[in-house]
Protein chains: 2
Amino acid sequence: MPKLYLYAACISASFTILLTAAAAQDAALLKQAQEIFQPLSEDLASAGSDNARERIELGRSLFFDPRLTIDANMSCSSCHQPAFYGTDALPRAIGVKQRPHPRNAPTVLNTGALQIVHWRGDRESLEDQVAKAVTSPITSGQPDEKAITDRLCVSGYASSLFAAAFPNEPRPMTIQNIANAISAYERTLLTPSPFDAYLAGNQEALSPAARAGLATFINTGCVACHNGAGVGGAMYQKFGVVEDYWKVTGSDPIDKGRAEVTKDPADLYVFRVASLRNVAMTPPYFHDGSVATLPDAVKVMARVQLGVNLSDADTGDIVVFLKSLTGELPANFATAPVLPSGAVVARFPQGL
Amino acid sequence: MPKLYLYAACISASFTILLTAAAAQDAALLKQAQEIFQPLSEDLASAGSDNARERIELGRSLFFDPRLTIDANMSCSSCHQPAFYGTDALPRAIGVKQRPHPRNAPTVLNTGALQIVHWRGDRESLEDQVAKAVTSPITSGQPDEKAITDRLCVSGYASSLFAAAFPNEPRPMTIQNIANAISAYERTLLTPSPFDAYLAGNQEALSPAARAGLATFINTGCVACHNGAGVGGAMYQKFGVVEDYWKVTGSDPIDKGRAEVTKDPADLYVFRVASLRNVAMTPPYFHDGSVATLPDAVKVMARVQLGVNLSDADTGDIVVFLKSLTGELPANFATAPVLPSGAVVARFPQGL
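Counting from 1, residues in each chain are numbered in the order their sequence is written. Whichever chain is written first is A, and whichever ligand is written first is 1; the rest continue in order. The predicted origin of the model limits local features to residues at a pLDDT of at least 70 and limits the giving and counting of side-chain atom pairs to 80 or more, whereas totals for whole chains, interfaces and linings rest on all residues. Calculated side-chain values reflect all of the structure's heavy atoms, with hydrogen atoms and water omitted.

Asker: Could you give an account of the overall build of chain A, naming the residues involved and the relevant values?
Answerer: Secondary structure elements are taken from DSSP: a helix is a run of H or I of four residues or more, a strand is a run of E of two residues or more, and numbering for both begins at the N terminus. Tallying secondary structure elements over chain A gives 14 helices and 2 strands in all. Expressed as lengths along the three principal axes of its C-alpha atoms, the size of chain A is roughly 110 × 45 × 35 Å. Out of the 352 residues in chain A, the part that is buried amounts to 53%. Only heavy atoms enter the contact rule, under which two residues are in contact if any of them lie within 4.5 Å. Put simply, of all contacts in chain A between residues at least 6 apart along the chain, 72% involve residues at least 24 apart. The buried label goes to any residue with under 20% of its type's maximum accessible area, the exposed label to any with over 50%, and the partly exposed label to all in between, with areas taken from a 1.4 Å probe on protein chains only.

Pasting the structure below:
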């Protein structure tokens, strides 16, 4: 064999070895990812009810209906806007009558995949969250159940909508059923993403850069908290394990987190680990929206949680990976329902 | 011929005469309607620009973007909600910082078919309306152009979006171009309805009840003002020709209408004639939302404008006709755009 051919054969063999090594690495990464994360499952959307369809449709209408709130000018969708992937682009939400909310509005997308509700875990379930929101002074302003159901009657919500959703109840128009319906709707708001296709075995669903970012995300230690179907949302963690968070984020005021709920000093500065699904679409970041961009948020996390000063390159890779967690907006969220068209408050004409 | 057959033949002949008479009446009604009204034309949606598509898309994003306003919590779509056919179901709109608007929010649907902008005609064009809304203390609260364009820059509106829509301008991000883009978008929001199909010659597009209502609508005199492509929106008229409007609607305060704009006593209590397109979907009614239901609004109009006390039956017929003016929501209105995801206001992390 002439020297040249031999040389070429060697290069080819090295190439094959390199390629095989890369393929093995890719396969190992996928296997590792499949152990850490779970794809979104349609099962999460189940309302667990014989009248799921009717409940979901009722819940969708209620979610978009400002007539639920005291001045009839804010709905769930005011702070959880489709245009911002279920958030409001604000550091902290602004409630009814311009009342400030103490924390950032988390997205309603994929809430069915989360085990903990709210930043401080002070809600027992999604149903509990909605029920409390519907009478909260900040998010609703309505004083009691009667004020809300009276408004729904005037607004043209025929009791038949509630009757269809809750057929076995003699008086179905209650806060509890409003909560049941809106929760049933919210559970349908799943956004499967390229990362889910990857977890299902399609390696090409992620670009090489995104896979590099995934490897960095795993190896840096982010997955200690950001794991499971929500890529977060399943556990509590102190914000600022290594360094006080507010010294880096500039947060003001300093939120004591879950300690204010449990009264346990061990819960000082503890919050729910945020789900990272659609995180690229939902700035600003953290419980108080104190950080504006995703690269900065990634760096803050690495530094205050893990004591790692991430390079710009590693940060960039992780951001590319995080963008693979963006799914399409569900059609029943992107498109507003046509609501019963009754007016809220109006004087009646005289003498007709 | 036996008597029985002769009898049957007579009945049949009478029937034919009756049917022919009914058909002639139907044809006459259609002809009359075609003289009074015009169907919506796609020409109305024209933005009159070489970059119409880019302008419309930019305008759609801006329309739904709360970052245009002072606290970044209200957008055009807050008072012109898809879920309420471009209105807010309130008597009078509530603006930024909970500031009350003096009048009812009219729908943005089919505004391209209207010749007069705003209740009192105090805007020269749709462009003028948007430009003033973008800096109004009630609808925006932003002090000047710089505050608005700075916010759009921070919000991730790449100047390329503006550059694509206004390619011949060195500095395209201006209030005037925001107004041009939003107006271009609003002009596309046409809702052809069964009545348009009827005007095009398809009599079956209206039910017999709706046609009876149309005849009553014409014969009662409503069409003196409610005519043309907008079924209104083309002229001014005093509200309360026969009787002071507030004595019937209970309006408080009493709005002097266009007289406050022109300073002409002849314009006292004069308003733009409302377009009746989608009127069934947009209660409450009149410039101050003082009347809650469509049948009541029809009766008020007949009484104070025409001196007619409409029967419940005639009112019901007219309402059936008015429902034929409801079209489908345009897809680019019903479905929210995904907005550039930049956060509005956030402190920057320290020392990264």
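Once the structure has been displayed, the description carries forward.
Asker: Talk me through helix α9 (residues 208-220) of chain B; I want residue IDs and the actual numbers.
Answerer: In an α-helix, one full turn covers 3.6 residues, which means residues spaced three or four apart are oriented alike. Residue and element names in this part refer to chain B. In this scheme, a helix's expected span is set at 1.5 Å multiplied by one less than its residue total. Between its first and last C-alpha atoms α9 spans 18 Å; for 13 residues at 1.5 Å apiece the expected length is 18 Å, and the two agree. The complete set of buried residues in α9 reads A210, R211, G213, L214, T216, F217, I218 and T220. Just beyond α9, the residue with positive phi is G221, at close to 105 degrees.

Asker: Account for the layout of surface pockets, with residues named and values stated.
Answerer: Residues and elements named next belong to chain B. Of the volumes computed, that of the largest pocket is approximately 950 Å³. Here a cavity is any set of points on a 1 Å grid over the protein atoms alone where a 1.4 Å probe fits but cannot get out, and a pocket is any open set with protein on both sides within 12 Å along at least 5 of 7 lines; a residue lines the site when it has an atom within 4 Å of a point. Taken together, 46 residues line the largest pocket, and the ones lying closest to its centre are H80, H118, Q129, A133 and T139. Secondary-structure elements contributing two or more residues to the lining of the largest pocket are α3 (76-79), α4 (126-135) and α7 (175-187). It is α4 that contributes the most residues to the lining of the largest pocket, 6 residues altogether. Polar here means any residue other than Ala, Val, Leu, Ile, Met, Phe, Trp, Tyr, Cys and Pro, which are nonpolar, and Asp, Glu, Lys and Arg, which are charged; Gly is therefore polar. For the lining of the largest pocket, the class distribution of residues is 21 nonpolar, 16 polar and 9 charged. Grid points are joined across faces, edges and corners, and a volume is the space filled by probe spheres set on the points.

Asker: Describe in detail the relation of the copies chain B and chain A, supporting the description with residues and values.
Answerer: Least squares is the method used to superpose the copies, on C-alpha atoms of residues holding a pLDDT of at least 70 in both. For the pair chain B and chain A, the superposition axis carries a translation of 0.0 Å, the fit reaches an RMSD of 0.0 Å, and the rotation angle comes to 180 degrees. In short, the pair behaves as if placed about a two-fold rotation axis. When C-alpha positions in chain B are compared against the rotation axis, the closest is assigned to B:T335, at 2.0 Å. An overlap of 100% is found between the interface residues of chain B and their copies at the interface of chain A, pointing to a shared contact surface.

Asker: Pulling in residues and values, what's your account of the side chain of B:R60?
Answerer: Note that B:R60 resides in helix α2 (residues 52-64). Beyond its immediate sequence surroundings of up to four residues, B:R60 is in contact with B:Y185, B:N332, B:T335, B:A336 and B:P337.

Asker: Account for the pattern of salt bridges, with residues named and values stated.
Answerer: Residues and elements named next belong to chain A. Salt bridges, as used here, are contacts in which a Lys or Arg side-chain nitrogen is within 4 Å of a carboxyl oxygen on Asp or Glu. The full count for this structure, using the stated rule, is 36 salt bridges over all chains. Taking the shortest distance from any N to any O, the salt bridge between D122 and R123 comes out at 3.5 Å. For D128, the salt bridge is made with K132, and the minimal N-O distance between the two is 2.7 Å. Of this pair, D128 and K132 both sit in helix α4 (residues 126-135), separated by 4 residues, roughly a single helical turn. Of the residues examined, D128 reaches a relative accessible area of 16% and is grouped as buried. Look at K132 and you get partly exposed, because its relative accessible area is 37%. The structure contains a network of salt bridges with shared partners spanning R120, D122, R123 and E260.

Asker: Any details on the interface of chain B and chain A? Residues and values, ideally.
Answerer: Each partner contributes residues to the interface: chain B has 58 residues there, and chain A has 58 residues. Buried area is a sum: the accessible area each of two parts loses on coming together, probed at 1.4 Å, counted once for each and added. Together, the buried faces of chain B and chain A total about 4,300 Å²; carbon and sulfur atoms form 60% of this surface. There are 0 salt bridges connecting chain B and chain A. Pairs of N or O atoms are called polar contacts if they sit within 3.5 Å, as long as, within protein, a hydrogen donor faces a hydrogen acceptor (for residues adjacent in sequence, only side-chain-to-side-chain pairs). Along the contact surface separating chain B from chain A lie 9 residue pairs in polar contact (both at pLDDT 80 or more). Residue assignment for the side of chain B that touches chain A shows that the elements contributing at least two residues are α10 (245-249) and α12 (294-306) of chain B. At 4 residues, the largest contribution of residues to the side of chain B that touches chain A is made by α12(B). Residue classes in the side of chain B that touches chain A are distributed as 33 nonpolar, 13 polar and 12 charged.

Asker: Give a description of empty space enclosed by the protein that names residues and reports values.
Answerer: Within this structure, the stated rule accounts for 3 cavities of 30 Å³ or more. Lining the largest cavity are 36 residues, and of these A:S77, A:S78, A:Q81, B:S77 and B:S78 sit closest to its centre. Sorting the residues of the lining of the largest cavity by element identifies α3 (76-79) and α14 (331-334) of chain A together with α3 and α14 (331-334) of chain B as the ones contributing at least two each. When the residues that make up the lining of the largest cavity are grouped by side-chain class, the tally is 18 nonpolar, 16 polar and 2 charged.

Asker: Describe the packing of aromatic side chains, and please don't skip the residues or the numbers.
Answerer: We call Phe, Tyr and Trp rings a pair once their centres come within 6.5 Å, taking the six-membered ring for Trp, and we label the pair stacked below 30 degrees between planes, edge-to-face above 60, and tilted otherwise. Within this structure, the stated rule accounts for 30 aromatic pairs over all chains. Arranged with centres 6.3 Å apart and planes meeting at 75 degrees, the rings of B:Y245 and B:Y269 form a pair that is edge-to-face. Of this pair, B:Y245 sits in helix α10 while B:Y269 sits in the loop between α11 (259-262) and β2 (270-272); the two residues are 24 residues apart in sequence, bridging distant segments of the chain. Relative accessible area serves as the criterion here: at 16%, B:Y269 is assigned to the buried category. The structure contains a cluster of three or more aromatic residues connected by ring pairs, namely A:F239, A:Y245, A:W246, A:Y269, A:F271 and A:F286. Criterion for a charge above a ring: Arg CZ or Lys NZ at most 6 Å from the ring centre, at most 35 degrees from the ring normal. The ring of A:Y236 carries A:R258 above its face, with NZ or CZ at 4.1 Å from the centroid.

Asker: A description of the environment of B:R92 should follow, citing residues and the corresponding values.
Answerer: Residue and element names in this part refer to chain B. The topology assignment puts R92 in the loop between α3 and α4. Under the relative-accessibility criterion, R92 is labelled partly exposed at 25%. Through-space distance from the C-alpha of R92 to that of A212 is 33 Å; in sequence the pair is 120 residues apart.

Asker: Account for the environment of B:C222, naming residues and giving values.
Answerer: Residues and elements named next belong to chain B. With respect to the secondary-structure elements, C222 resides in the loop between α9 and β1 (236-238). Along the primary structure C222 and D144 are separated by 78 residues, whereas in three dimensions their C-alpha atoms are 43 Å apart. Excluding residues within four positions of it along the chain, C222 makes contact with F217 and L306.

Asker: Just give me the short version of the packing of α12(B) against helix α13 (residues 312-323) of chain B, but keep the residues and values in it.
Answerer: Residues and elements named next belong to chain B. Here an axis means a line fitted to C-alpha atoms, over the contact stretch when the element is a helix, while the angle between two N-to-C directions is reported on a 0 to 180 degree scale. The N-to-C vectors of α12 and α13 enclose an angle of 115 degrees; their axes lie 9 Å apart at closest approach. When the interaxial angle is binned, α12 and α13 end up roughly perpendicular. Here the hand of the crossing between α12 and α13 comes out right-handed. Between α12 and α13, the residues in contact are L294, P295, V298 and K299 and D312, T315, I318, V319 and L322, respectively. Here the residues of the contact of α12 with α13 are counted per class, giving 6 nonpolar, 1 polar and 2 charged. Small angles under 35 degrees read as roughly parallel and large ones over 145 as roughly antiparallel, with 65 to 115 read as roughly perpendicular and the rest as oblique. By convention the crossing between two helices is left-handed if the near helix lies anticlockwise of the far one by an angle smaller than a right angle, and right-handed if it lies clockwise.

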